Structure formats: structure tokens, C-alpha cells
Amino acid sequence: MSVEGKVAVVTGGGSGIGQAAARLLAANGAKVVVADRNVEAAQAVAGSLVQAIAVRADVSRADDIRDLFQAVDDRFGRLDILVNNAGYGVAGTVVDLDEAEWDRLMSVNVRGMFLCSKHAIPLMFRSGGGSIVNTGSYTAMVAIPSRAAYVASKGAISSLTRAMALDHANQNIRVNCVAPGTIETPWFDPAFANSENPERFRQELSARCPMNRMGRPEEIAEAILWLASDRASFATGSVLTVDGGASIW
Ligand SMILES: NC(=O)c1ccc[n+]([C@@H]2O[C@H](COP(=O)([O-])OP(=O)(O)OC[C@H]3O[C@@H](n4cnc5c(N)ncnc54)[C@H](O)[C@@H]3O)[C@@H](O)[C@H]2O)c1
């Protein structure tokens, strides 16, 4: 898939979609930097891959992100791919959410992408170009109830993708977004654990899309790999839904 020998940073690479993306990029010959605020998780993933390293980094912290890309430069001397994937959700309407919850979520889901891209793009430019893949969500297209901050953050990611794609097209840097539907990752572990009827909860989650199932992280990783690779050489500014059809109804 044309990522052989390329250097890739995957944020939130210790779990779920980020882990699947790190594994698939590595399986296709990329040198992967697994960045996560959970360093044990990042180390477990990187340790199972060839030519991968783990870096502890909280994407909302400017110092961490400066150090992350310095480490990439020191170790590999170049950067070709950034998967801006770290993110989380919080329940609540705008009335329920307090200001600190709103600010914290925006600082991870949106500011984190800003910080990572800010440091990655000059390094990519120096390397002759690159590809950035942002993990958005189908909820940028259709809202889901009681997730106001999360839905807003994913809308911002779609727009930030287009803004960055426009600003850096003439530097041979492509910027795209993958918009997953409901994907079975450890993200949902606490919700399943707290559910009185996990099977019914799964059915409810599955019923969010016409295909009537949850997606697998590997199914999102395939889209990330394609967007990251030279096979997607004419794709920039796009938001690719991989959601079992959740955004069509
Ligand atoms: N699972 C879904 O249904 C779904 C759907 C659409 C979009 N997404 C998006 O996919 C991305 C990954 O979600 P997932 O389902 O794989 O979740 P996950 O909880 O399995 O993994 C998220 C990873 O990100 C890391 N992380 C969280 N905050 C971080 C921070 N501040 N700095 C660095 N790392 C951080 C976590 O430690 C974890 O390893 C998120 O952006 C999420 O919004 C998920």
C-alpha cells in the first residue's frame, strides 16, 4: 500500500482504532511511532511491531507534543504520515456539561490535532511532503443525543481537515479525515460493564446503522492506510465515512 519505509506517528495508538492503524501501517512496512498518554499501552503495541517505538504524550499538552516530534526527528530524521486519532467522549447536553468538561474535551479532540499538526507539518515539508489522517466521526454529519461537546468536536475536525488541506496542498501535504461509525473498541468497555443488559445495549448500538452491526477497528484502519498511502495521491480535504451507512439516514 505504498507506505513501505515511511515514518508514521499514530496518536492514541495504544488502543482501539489507533492500535489497529499502527498495526496495519507496520504490517505494510511503515516505521511507526505509537504515541499515547497511556505509555504502557503504547509500549505493548510498539513492542509487538517491527521498527516501532512508543512515546508517552498527552495530545492536549504543548510540551508533550513538542517533545514527541523532537523524538521523531531525533530517531528517524523525517516524518511522512500523521494519524491524528487520540480522542474521547463525554455524555451530556450543553445544559448538563460543565465548562471544565467542555474545555477538556475540546483540548484533547481539537486542540490536540492542532498541536500535533503544527509540529508535524514542518517536519513533513522538510521530508518532501506527507499525509495526515484525522479521525473524525459520522457524528459530524448526524448528531447523536446527549453528546453535545463530542459532536461539536468532530464537526470541528471535519472543518480543520479542509482548512489544513487547503493551506498545505502546495507543500505536497495531503490532509484527510476518516469518519467512523460505531466501532467495537475498548472505548465501550465501561458502558458494557455498567449495562444491565449488555446484549440489548449491543443491539442498540448496532441499530445505529443500516448494516445493523458495530464496526471493527481493523475496518477503519483499512481506510486510514489508504488515505495515508500514496494510493490516495489525489485525495485531500476529504471526509471518508466508514460507518455501515449510519450517516445516510
Ligand atoms: N469507537 C467508536 O465508535 C468511534 C466512532 C467514531 C470515532 N471514534 C474516534 O476514534 C478515535 C479512537 O477511539 P477508540 O474507539 O479507538 O477509543 P479507545 O478508547 O479504544 O482508544 C483511545 C486511545 O486514545 C488515548 N488517548 C485518549 N486521550 C488521549 C490524550 N489526551 N493524549 C494521548 N492519547 C490519548 C487513550 O489512552 C487510548 O489508548 C477517537 O478520536 C474517537 O473519537 C471512535
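Our structure is the block above this text.
No experiment lies behind these values; they were computed from the predicted model shown. (Residues numbered from 1 in each chain as written. Predicted model: local features only at pLDDT ≥ 70, side-chain atom pairs only at ≥ 80, totals over all residues.)

## Describing the site of the ligand
Residues in close proximity to the ligand total 29 residues, the closest being G12, S15, G16, G87 and T185. Looking at which element gives the most residues to the shell around the ligand, the answer is helix α1 (residues 16-27), with 3 residues. Tallied by class, the residues present in the shell around the ligand amount to 11 nonpolar, 15 polar and 3 charged. (Near = placed C-beta within 6 Å. Helix = DSSP H or I, 4+ residues; strand = E, 2+ residues; numbered from the N terminus. Nonpolar A, V, L, I, M, F, W, Y, C, P; charged D, E, K, R; others polar.)

## Let's talk about the packing of helix α4 (residues 99-109) against helix α6 (residues 148-168)
Packed helices, taken two at a time, are described by the angle their axes make and the gap between the axes. Running from N to C, α4 and α6 point in directions that differ by 30°, and their axes come no closer than 10 Å. Taken as axis vectors, α4 and α6 run roughly parallel relative to one another. Crossing angle aside, the handedness with which α4 passes α6 is right-handed. Residues E101, W102, L105, M106 and N109 of α4 pack against A149, Y150 and S153 of α6. When the residues that make up the contact of α4 with α6 are grouped by side-chain class, the tally is 5 nonpolar, 2 polar and 1 charged. (Axes fitted to C-alpha atoms, helices over the stretch in contact; angles between N-to-C directions. Parallel < 35°, antiparallel > 145°, perpendicular 65-115°, else oblique. Left-handed = near helix turned anticlockwise from the far one by under 90°. Contact = placed C-beta atoms within 7 Å.)

## Points about the environment of A44
Inspection of the secondary structure puts A44 in helix α2 (residues 39-47). Given 16 C-beta atoms within 10 Å, A44 falls into the partly exposed group. Remark: the alpha-carbon pair of A44 and E219, spanning 175 residues in sequence, is separated by 21 Å. (Buried ≥ 20, exposed ≤ 12 C-beta atoms within 10 Å, placed from the backbone.)

## Some words on the packing of α1 against helix α9 (residues 217-228)
Interhelical geometry of α1 versus α9 gives an angle of 55° and a closest axis separation of 8 Å. Of the possible angle classes, the one that applies to α1 and α9 is oblique. Seen from above, α1 lies across α9 with right-handed handedness. Touching G16, I17, Q19, A20, A21, L24 and L25 of α1 are P217, E218, I220, A221, I224, L225 and A228, all from α9. Among the residues making up the contact of α1 with α9, the classes are represented as 11 nonpolar, 2 polar and 1 charged.

## So, the pairing of strand β2 (residues 31-36)
The element β2 is extensively covered by neighbouring structure, given that 6 of its 6 residues are classed as buried. Every second residue of β2 is oriented toward a common face, with K31, V33 and A35 on one face and V32, V34 and D36 on the other, all of them buried. Two elements, strand β1 (residues 7-11) and β2, share 5 bridges in a ladder whose sense is parallel. Directly across from V7, in β2, lies its bridge partner K31. Relative to strand β3 (residues 53-56), β2 runs parallel, the two sharing 4 bridges. Within the sheet, the bridge partner assigned to V33 lies in β3 and is I53. Taken together, β2, α2 and β3 form a β-α-β motif whose crossover is right-handed. (Pairing = 2+ DSSP bridges. Right-handed = clockwise from strand over helix to strand, strands pointing away.)

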